[in-house]
Amino acid sequence: MMKYAARMKSMEKSAAIIRNLFGAMNDPEMISFGGGAPAKESLPVDIVREIAMDVLRRDTRGVEALAYGSVMGVSDLREVVVTHLLAPKGVAASAENIMILSGGLEAMNLMCQVFIEPGDVILVESPTFVHSVEIFDMFQARCIAVDMDDDGMIPEDLEAKILKHNPKMVYVIPTFQNPTGRTLSLERRKRIARLGSRYEVVILEDDPYRDIRYSGKDLPPIKAFDESEHTVLANSFSKIFSPGSRLGYILASSEIITRLFDAKSATNSHTPILPQILCAEFFKRGYYPAHHKALCDIHRERRDAMIESIDRYFPPGTKRTFPDGGLFTWVELPGGINTTELLKEATSNPEVKVAYVAGEGFFTEGNGMGSNAMRMSFSAVPPEKIRDGVERLGKLIQSKLQ
Ligand SMILES: Cc1ncc(COP(=O)(O)O)c(C=O)c1O
């Protein structure tokens, strides 16, 4: 018998949830509200081809693209992050404090490598992003849930749990949260930054949806209120450029960045150079503003189609969030319907063939929490199909209530 590391056991549950998720996503017959990818129609294929033709030459950036690069990442992409993505949001940063990552998720992995011993507590939102939990589980952390309401993580509960559990880290997704689509209020952003400083706890702010807002007023990240460098900001290019390019970044104090540098070097040396160059040139050549507008227009239309369809086809008593951006709405069903059970039928019944992600998996506390909830992603499906899929799912739900 193989003797696997204990971490494989501790990540068993969260890893199984993610494996199942990808299973449903791969069925071409299915209308899938399951995944978290931006609309395929929004990927900038033609622009990236044009940039690639230009940069992959010996007299341009061809050699740089195919050679080894720096652990911190390509320097002009780090500058792009500072000037195009952080400065407009009220975060003054230096490129020296930015490291380019292989996808936003790598931030959680490297932060665990740097900070987490087996048994350490990480405070997370209830519910939270299961893929990050998978990473926290792999490092044998103990995830403890902090209550949320419509304005995001509740600071009073956070403070009580900091005092009770002495956590190493607080993990928070402040904008258009995965899975709920909720946004942390301005006041709470300030308070969470202050709690990190007061109790000397690292606040890991994971903010990959913040740049895709379709309505409402923009809010500064928690990092903008951090006076003691206890907040570390993680972000991703997956939603605003391309998920397959696997690009993300992290902003941290010089002291923490040095440790992250060592962890990154020991993990994969550096992020692949070619996608970094393509992405940097995409921003530097001025393609982002028009792309960003198109991205938001496509997703706004899909969000509206999904919200209107839920209101029309789901039974009275259904609750749902209204996300001002991002990719998800969170739905809670009436009448004691179990969404894990419902999903089996929704995906296998040829009259329905609709996938979503059942709510239970997003709650680290277990106890059947979220058993009536579902995460519905509107990003990957065109509006007409959204209406069709929500109607079919609504009929199935109505039939369970009769
Ligand atoms: C909350 C959250 N964090 C991080 C990520 C990381 O994305 P990626 O690794 O694709 O950049 C995602 C993607 O779905 C997410 O929802």
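Keep in mind that what you see is a predicted model, and the values were worked out from it rather than measured. (Residues numbered from 1 in each chain as written. Predicted model: local features only at pLDDT ≥ 70, side-chain atom pairs only at ≥ 80, totals over all residues. Heavy atoms only, no water.)

**Brief notes about the pairing of strand S10 (residues 248–251)**
Across the two faces of S10 the burial is the same, with Gly-248 and Ile-250 and Tyr-249 and Leu-251 all buried. Both strand S2 (residues 98–101) and S10 contribute to a ladder of four bridges, which runs antiparallel. Looking at S10, one finds that Ile-100 is bridged to Tyr-249. In terms of strand pairing, strand S9 (residues 231–236) meets S10 through four bridges, oriented antiparallel. (Buried < 20%, exposed > 50% of the residue type's maximum accessible area, 1.4 Å probe, protein only. Helix = DSSP H or I, 4+ residues; strand = E, 2+ residues; numbered from the N terminus. Pairing = 2+ DSSP bridges.)

**Some thoughts on the sheet that holds S9**
If you trace the seven strands from one edge of the open sheet to the other, you get S2-S10-S9-S8-S7-S3-S4, paired in mixed fashion. Unpaired on one side and paired on the other, S2 and strand S4 (142–146) mark the two borders of the sheet. On average, adjacent strands in this sheet sit at an angle of 20° to one another, irrespective of strand direction. Helix H5 (residues 75–86) contacts S2, S9 and S10 of the sheet and is inclined by roughly 105° relative to S2. (Axes fitted to C-alpha atoms, helices over the stretch in contact; angles between N-to-C directions. Contact = heavy atoms within 4.5 Å.)

**Notes on the domain arrangement of the protein chain**
Domains assigned within the protein chain are domain 1 (6–43 + 290–401) and domain 2 (45–284). Each of domain 1 and domain 2 has a C-alpha centre, and these two points are 25 Å apart. Around 3,100 Å² of area is buried between domain 1 and domain 2 when both sides are counted, 63% of it from carbon and sulfur atoms. Taken as a group, Asp-324, Phe-362 and Thr-364 account for 18% of the area that domain 1 buries against domain 2, more than any other trio of residues on that side. Joining domain 1 to domain 2, the criterion identifies zero salt bridges. If you look at where domain 1 meets domain 2, you find 16 residue pairs in polar contact (both at pLDDT 80 or more). Broken down by secondary-structure element, the contributors of at least two residues to the side of domain 1 that touches domain 2 are helix H1 (6–10), helix H2 (12–25), helix H12 (288–313) and strand S12 (328–332). Among the elements that take part in the side of domain 1 that touches domain 2, H12 stands out by supplying seven residues, more than any other. Of the residues contributing to the side of domain 1 that touches domain 2, the split by class is 19 nonpolar, 12 polar and six charged. (Domains from an automatic or database assignment. Buried area = accessible area lost by both parts, 1.4 Å probe. Salt bridge = Lys/Arg side-chain N within 4 Å of Asp/Glu carboxyl O. Polar contact = N/O pair within 3.5 Å; in protein donor to acceptor, adjacent residues only side chain to side chain. Nonpolar A, V, L, I, M, F, W, Y, C, P; charged D, E, K, R; others polar.)

**Digging into the packing of aromatic side chains**
Inspection of the entire model under this criterion finds 10 aromatic pairs. Judged by centre distance (5.6 Å) and plane angle (75°), the ring pair of Tyr-209 and Phe-328 falls under edge-to-face. Of this pair, Tyr-209 sits in the loop between strand S8 (202–206) and S9 while Phe-328 sits in strand S12, and the two are 119 residues apart along the sequence. Since its relative accessible area comes to 4%, Tyr-209 is described here as buried. Seen in terms of ring centroids, Phe-282 and Phe-283 are 5.8 Å apart; in terms of plane orientation they differ by 80°. Their pairing is edge-to-face. The class of Phe-283 is buried, set by a relative accessible area of 1%. (Phe/Tyr/Trp six-rings, centres within 6.5 Å; stacked < 30°, edge-to-face > 60°.)

**Some words on the packing of helix H6 (residues 105–115) against helix H10 (residues 254–268)**
Here H6 crosses H10 at 110°, and the two axes come no closer than 9 Å. Between H6 and H10, the crossing angle belongs to the class labelled roughly perpendicular. Listed contacts from H10 to Glu-106, Leu-110, Met-111, Gln-113, Val-114 and Phe-115 of H6 are Ile-256, Arg-259, Leu-260, Ala-263, Lys-264, Thr-267 and Asn-268. Looking at side-chain class alone, the contact of H6 with H10 contains seven nonpolar, three polar and three charged residues. (Parallel < 35°, antiparallel > 145°, perpendicular 65-115°, else oblique.)

**A short note on H12**
The terminal C-alpha atoms of H12, which comprises 26 residues, lie 37 Å apart, in line with the 38 Å expected from a rise of 1.5 Å per residue. Restricting attention to buried positions, one finds in H12 the residues Tyr-288, His-291, Leu-295, Cys-296, His-299, Arg-302, Arg-303, Ala-305, Met-306, Ile-307, Ser-309 and Ile-310. Those residues of H12 that are buried are in contact with H5, helix H11 (273–284), strand S11 (319–320), S12, strand S15 (373–377) and helix H14 (383–401). (Expected span 1.5 Å × (residues − 1).)

**Looking at the environment of Leu-295**
Here Leu-295 lies in helix H12. Judged by its relative accessible area of 2%, Leu-295 falls in the buried class. Sequence spacing of Leu-295 and Arg-213 is 82 residues, and the spatial spacing of their C-alpha atoms is 9.7 Å. Discounting chain neighbours no more than four positions away, the residues touching Leu-295 are Ser-42, Ile-212, Lys-239 and Ile-240.

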